[in-house]
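# An overview of the molecular structure
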Amino acid sequence: MPEPRATATGPGRILIAVYGIFALSASARAGVQIAERFGEAPLAYSLSALAGFVYILATVGLAGTGPGFRRLAWSAVVFELVGVLAVGAFTTFVPADFPRETVWSHFGAGYGFVPLVLPFVGLWWLRRTSRTG
């Protein structure tokens, strides 16, 4: 059975760059929030840290080669999709539980809805590169 195409080629490079930017920004934001104001909104700030970690895993998975990296990318991107949908729904319909914004709040509205679109693009790219050709 032929190997799937590498995810870090062509448009995949742009996708990896976007994931890398989100990994850096979400992690840095969460780090500052946790260090300076954790008591204000521990759930929101912990979710931002989780989002940053997931973006790091997705970046590494998409940039790497081999089946282990591909599995990591799939897992991270699926988790990201579930996370942004769940957190987006909770922050929209139960806003009192989230006194501060997270990366995934309101489906990523604070980031131009990129957090909502990104996992769909990531899954599309992983699916597309899983075919040989």
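The name given to the chain in an unreviewed UniProt entry is Integral membrane protein, with Pseudonocardia alni subsp. carboxydivorans as the source organism.

## Structural notes on the UniProt feature "transmembrane region" (unreviewed entry) in the chain
The UniProt record annotates "transmembrane region" (unreviewed entry) at residues 12-32, 44-65, 72-94 and 106-126. Taken end to end, residues 44-65 comprises 91% helix and 0% strand; its first and last C-alpha atoms sit 33 Å apart. Annotated as residues 106-126, this span is 62% helix and 0% strand, and its ends, taken at the C-alpha atoms, are 26 Å apart.

## Description of the packing of helix 2 (residues 42-63) against helix 3 (residues 67-93)
Closest axis-to-axis distance for the helix 2/helix 3 pair is 8 Å, and the angle between their directions is 150°. Taken as axis vectors, helix 2 and helix 3 run roughly antiparallel relative to one another. For the crossing formed where helix 2 meets helix 3, the hand is left-handed. Facing helix 2, whose interface residues are L47, L50, V54, Y55, L57, A58, V60, G61 and L62, helix 3 presents F69, R70, L72, A73, A76, V77, F79, E80 and V87. Across the contact of helix 2 with helix 3, the residue classes tally to 15 nonpolar, 1 polar and 2 charged.

## A word on the pattern of salt bridges
Under the counting rule described, the total for this entry stands at 3 salt bridges. Notably, a salt bridge pairs E40 with R37, separated by 3.9 Å at the nearest N-O pair. A relative accessible area of 38% means that E40 is categorised as partly exposed. What makes R37 partly exposed here is its relative accessible area of 30%. In this structure, R100 engages E40 in a salt bridge whose closest nitrogen and oxygen atoms are separated by 3.2 Å. You can see R100 sitting in the loop between helix 3 and helix 4 (114-130) and its partner E40 sitting in the loop between helix 1 (11-37) and helix 2, a full 60 residues away along the chain.

## Quick notes on helix 2
With 22 residues, helix 2 extends 31 Å from end C-alpha to end C-alpha; this agrees with the ideal 32 Å at 1.5 Å per step. Within the span of helix 2, buried status applies to A44, Y45, L47, S48, A51, G52, V54, Y55, A58, T59, G61 and L62. Looking at the buried side of helix 2, the elements it contacts are helix 1, helix 3 and helix 4.

## Remarks on unusual backbone geometry
In this model, H106 sits at a positive phi of 50°, which is unusual for a non-glycine residue. Position of H106 relative to the elements: it lies in the loop between helix 3 and helix 4. Of note, F113 is a non-glycine position whose phi angle comes to about 65°, a positive value. Among the secondary structure elements, F113 is positioned in the loop between helix 3 and helix 4. According to the relative accessible area criterion, F113 is partly exposed, its value standing at 41%.

Cut-offs used in this document
Residues numbered from 1 in each chain as written. Predicted model: local features only at pLDDT ≥ 70, side-chain atom pairs only at ≥ 80, totals over all residues. Heavy atoms only, no water. UniProt positions renumbered as here; feature names shortened; annotations may be inferred. Helix = DSSP H or I, 4+ residues; strand = E, 2+ residues; numbered from the N terminus. Axes fitted to C-alpha atoms, helices over the stretch in contact; angles between N-to-C directions. Parallel < 35°, antiparallel > 145°, perpendicular 65-115°, else oblique. Left-handed = near helix turned anticlockwise from the far one by under 90°. Contact = heavy atoms within 4.5 Å. Nonpolar A, V, L, I, M, F, W, Y, C, P; charged D, E, K, R; others polar. Salt bridge = Lys/Arg side-chain N within 4 Å of Asp/Glu carboxyl O. Buried < 20%, exposed > 50% of the residue type's maximum accessible area, 1.4 Å probe, protein only. Expected span 1.5 Å × (residues − 1).

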